[in-house]
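Tertiary structure, described
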Amino acid sequence: MLRVVPGLSPRQKAAVVVRVMLADGADLDLSRLPPELQALLAQEMAGMELVDRDTCDRVIAEFCGQLEAVGVTFPGSIDGTLDIIGAHLSADTNSRLRRIAALNGSADPWDRIAALPPAQLAELARTEAIEVAAVMFTRLPVARASEVFGLLDPALARQIAYAMSLTAGIEAPALRRIGLALMRAVDALPRPAIEGQPVEKVGAILNFAPALTRDTVLAGLDQDDADFAGRVRRTIFTWATIPRRIDPRDIPRVIREVDAATITKALAGATGENAATVEFLLSGLSTRLADSMREEMEGAGKVTARDAEEAMSAVVAAIRRMEQAGELFLIVEEDEGTGG
């Protein structure tokens, strides 16, 4: 047994701080440390058993004092820096800096690839070799891969799915080279003068249009171009489509994203085709929280149609923000006309 006494080394002090924080229930993501530091920390903790209370208190006090003396911290990497200032840079500058970081070995190319819009990922799948596309899909989050699969020709999707079964033996260096090659391919893709596809633009506009306007426009599009209207419908995300597009496991996070008064007003004012969303959202919460929200809905009294629509739109906007931030993925709706 090693009884630790005053005069700890920096590594031992780090071990004490980590042990105390974990004992207090802190959610430490130690996986973000370099692998060699993770190993050193584990080895140091393995060799320690008892630390007296006075020593422990001094270590924690010293640690807190060092934290309070810090004025500002910087990420220490180009990716972390761009996460802070990227929104204030042009898209071209942002993309170029991330590419340079990946090529210099200071960033993971797959992080940037996974963050690409589905349309760009689908274009890469169409233009690259089947084997390369298969590797790309194995590296994408499942929800995003499913979304991109839905944009591909079924025959191509089948070929890629089969090729994915052959990717298990790829080693890390080869995986990085493929990621870098895909990044160069992304930079070589033509950039349209107008960002976004017409279907996505129309869908985004109708997302926040009043229900009556949205229904009237879609009815007119059905007459003018039924195929275009169908594709627009699949991009539209409204309160009524939440049960079809949101994973039930994401419901608690969605509820936390919206202020209580707004979510209560949306739930209390939803009627007709919107009522099903109320039960869907409540079913994804704990029984205690769901019962509490039902009581708040009863206490809200009668909600006007205008107020209810504004509240439901606020919830939809919050979900869209979470999607754009990569905090959740919307479930892709299948084309009703392609069923087997």
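Just so it is clear, the structure is predicted and the values come from calculations on it, not from any experiment.

1. Some thoughts on helix α1 (residues 10–23)
- If you check α1, its first and last C-alpha atoms are 20 Å apart, about what 14 residues at 1.5 Å a residue would give, namely 20 Å.
- If you check which residues of α1 are buried, you get Q12, A15, V16, V17 and V18.
- Within two residues after α1, G25 carries a phi angle of roughly 90 degrees, on the positive side.

2. Focus on the packing of aromatic side chains
- By the definition in use, this model includes one aromatic pair.
- On the basis of an interplanar angle of 90 degrees and a centroid distance of 4.7 Å, the ring pair of F137 and F149 is categorised as edge-to-face. In this pair, F137 sits in helix α8 (residues 130–139) while F149 sits in helix α9 (residues 142–149), placing the two residues twelve residues apart along the sequence.
- Residue F137 is classed as buried on the basis of its relative accessible area, which comes to 3%.
- Given the relative accessible area of 25%, F149 is considered partly exposed.

3. A closer look at the pattern of salt bridges
- Under the defined criterion, the tally for this structure stands at eleven salt bridges.
- A salt bridge links D227 to R231; the nearest nitrogen and oxygen atoms lie 3.3 Å apart. Placement of the pair is D227 and R231 together in helix α14 (residues 226–235), with a separation of four residues, close to one helical turn.
- We classify R231 as partly exposed; its relative accessible area is 34%.

4. A look at a nonpolar patch on the surface
- Together, I84, I85 and L89 line one region of the surface with nonpolar side chains, adding up to about 240 Å² of accessible area.
- Assignment of secondary structure puts I85 in helix α4 (residues 78–85).
- For I85, a relative accessible area of 36% puts it in the partly exposed group.

What counts and what doesn't
Residues numbered from 1 in each chain as written. Predicted model: local features only at pLDDT ≥ 70, side-chain atom pairs only at ≥ 80, totals over all residues. Heavy atoms only, no water. Helix = DSSP H or I, 4+ residues; strand = E, 2+ residues; numbered from the N terminus. Expected span 1.5 Å × (residues − 1). Buried < 20%, exposed > 50% of the residue type's maximum accessible area, 1.4 Å probe, protein only. Phe/Tyr/Trp six-rings, centres within 6.5 Å; stacked < 30°, edge-to-face > 60°. Salt bridge = Lys/Arg side-chain N within 4 Å of Asp/Glu carboxyl O. Patch = residues over 30% accessible without salt bridge, like charges linked within 9 Å, V, L, I, M, F, W, Y side chains within 5 Å. Areas by Shrake-Rupley, 256 points an atom, 1.4 Å probe, with all protein chains shown as cover.

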